Amino acid sequence: MTLRAAMSSSDFNYIRNLVRGQSALTLDPGKEYLVESRLDPLARHEGFPSYHQLVATLRFGPFRDLHRKVVEAMTTNETSFFRDARVFAMLAKSILPALVAGRSAERSLNIWCAACSTGQEPYSVAMLLRECQPSLERWNIRILASDISRNVLTRAHAGRYNQMEVNRGLPAHLLVRYFEQHGQWWEIRPEIRRMVEFRETNLIQPWHDLPGMHVILMRNVLIYLDLETKRTILERAGRLLDRRGYLLLGGAETTMNLDDSFEPVSFEGAVCFRRRQT
Amino acid sequence: MILTAYLKKLGFDVTVAVDGRDGLDRLRGMEKADVVLVDWNMPELDGISFVRAVRAQPAYAALPLMMVTTNTELSNVSEALGAGADEYVMKPFTADMIREKLELLGFPV
Ligand SMILES: C[S@@+](CC[C@H](N)C(=O)[O-])C[C@H]1O[C@@H](n2cnc3c(N)ncnc32)[C@H](O)[C@@H]1O
């Protein structure tokens, strides 16, 4: 074990403000250990002897890729296939059938995974839609998946997972049907990968070129953001969401007391949020 | 027996069998089993034969069966599902993986 001084409050505050300004992610005092443990590998990778020199360089230079990478390093990317089985059961048994019935004239669906991490969530949605065939045959379906982190988007786009990742939450019959095994890697089949469009989108910056959405999955991201930002993002999500659309949040997230234009609705033991009809 | 301890923690009453043959005997002796977790590689009657033997009996047509094994080829998973297994966990596993797979089988754990 090596002993060394804890992160200085000046370094911590600098990082905290940088991260908050760029992503609205909040780092509360007391999280110094977390910041250190995430900055150290980045510092070494970028050729600095320690995170302290990295912070010094960030402070005195203009905003550049290094600042972005620091913000990226502070994101928590924990995810899994079909995370929270009840949410996907709700999607399969209640939400999709209602949308399919309600949009049989248009035959189009837009779905957005607004913090998709390494891709398990949008690919779960894509597999689920595949399983709904043939009722969706000849439908025009777009699954957009975005995240602030380029790192996770690169992994998501590759669609390549290790054994631990495919062991989690993914029904075995879907592993057999939609994955190929390459050595120690499990790769999502091209027909599923092609269904998902990945792009970099920071939720606190303008959301460019997003069509109106019928389903928005914005799961396990608001929880990391400050209150004002949650409000702003929910308000914008409400405008993007079709009047009869569905917003899905993480298990510990809600619109209650944040945005009254949404109301919670429960199906299959899970909760989603819909625009209040006025 | 990490698995046994974990299942008990989730609230299951656990009956342990030493191999497939013993497993079939114990299953017959039980009033009701809600789910069976079975390894692949066992001395007397391996997991895949166990699964086939269980599925061959109409009384167990709907009994949830989950394989938990070091066999990690896609073809193994395929074969197990073909034989009648419902779920498949590749070792090494974590407690969370077991819980998530049980959820997929419809257990509210
Ligand atoms: C815990 S993961 C959630 C992944 C997935 N939605 C799920 O529920 O499993 C949170 C993701 O939010 C992303 N994120 C954090 N702040 C963001 C922001 N301001 N804009 C877009 N994505 C952000 C992180 O990069 C991370 O991949």
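Please refer to the structure higher up on the page.
A short tour of the structure in this document, coming up. (Residues numbered from 1 in each chain as written. Chains lettered and ligands numbered in written order. Predicted model: local features only at pLDDT ≥ 70, side-chain atom pairs only at ≥ 80, totals over all residues. Heavy atoms only, no water.)

## Observations concerning the site of the ligand
Residues and elements named next belong to chain A. The immediate surroundings of the ligand are formed by 21 residues, with Thr79, Arg83, Ala115, Asp147 and Asn220 found nearest. At 3.0 Å from an oxygen atom of the ligand is found a side-chain nitrogen or oxygen belonging to asparagine 77. One nitrogen or oxygen atom from the main chain of isoleucine 148 is found 3.3 Å from a nitrogen atom belonging to the ligand. A total of 610 Å² of accessible area belongs to the ligand in isolation, and the protein chains cover 100% of it. Residues of the shell around the ligand, tallied by class, amount to six nonpolar, ten polar and five charged. (Near = heavy atom within 4 Å. Polar contact = N/O pair within 3.5 Å; in protein donor to acceptor, adjacent residues only side chain to side chain. Areas by Shrake-Rupley, 256 points an atom, 1.4 Å probe, with all protein chains shown as cover. Nonpolar A, V, L, I, M, F, W, Y, C, P; charged D, E, K, R; others polar.)

## Thoughts on unusual backbone geometry
A cis amide bond, omega 0°, links lysine 91 of chain B with the succeeding residue proline 92 of chain B. With respect to the helices and strands, proline 92 of chain B occurs in the loop between strand 3 (87–90) and helix 5 (95–104). Even without being a glycine, alanine 24 of chain A presents a positive backbone phi close to 70°. Take alanine 24 of chain A: it is sitting in the loop between helix 1 (9–23) and helix 2 (32–45). The class for alanine 24 of chain A is buried, based on a relative accessible area of 3%. Phi angles above zero are rare outside glycine, and phenylalanine 82 of chain A is one such case at about 45°. (Helix = DSSP H or I, 4+ residues; strand = E, 2+ residues; numbered from the N terminus. Buried < 20%, exposed > 50% of the residue type's maximum accessible area, 1.4 Å probe, protein only.)

## Section: the sheet that holds strand 3 (residues 160–161) of chain A
Residue and element names in this part refer to chain A. Taken in spatial order, the three strands make up an open sheet running 3-5-4, and their pairing is antiparallel. Only two strands of the sheet have a single neighbouring strand rather than two, namely strand 3 and strand 4 (179–182). Direction of pairing for strand 4 relative to strand 5 (residues 185–188): antiparallel, over a ladder of four bridges. Directly across from glutamate 180, in strand 5, lies its bridge partner glutamate 187. (Pairing = 2+ DSSP bridges.)

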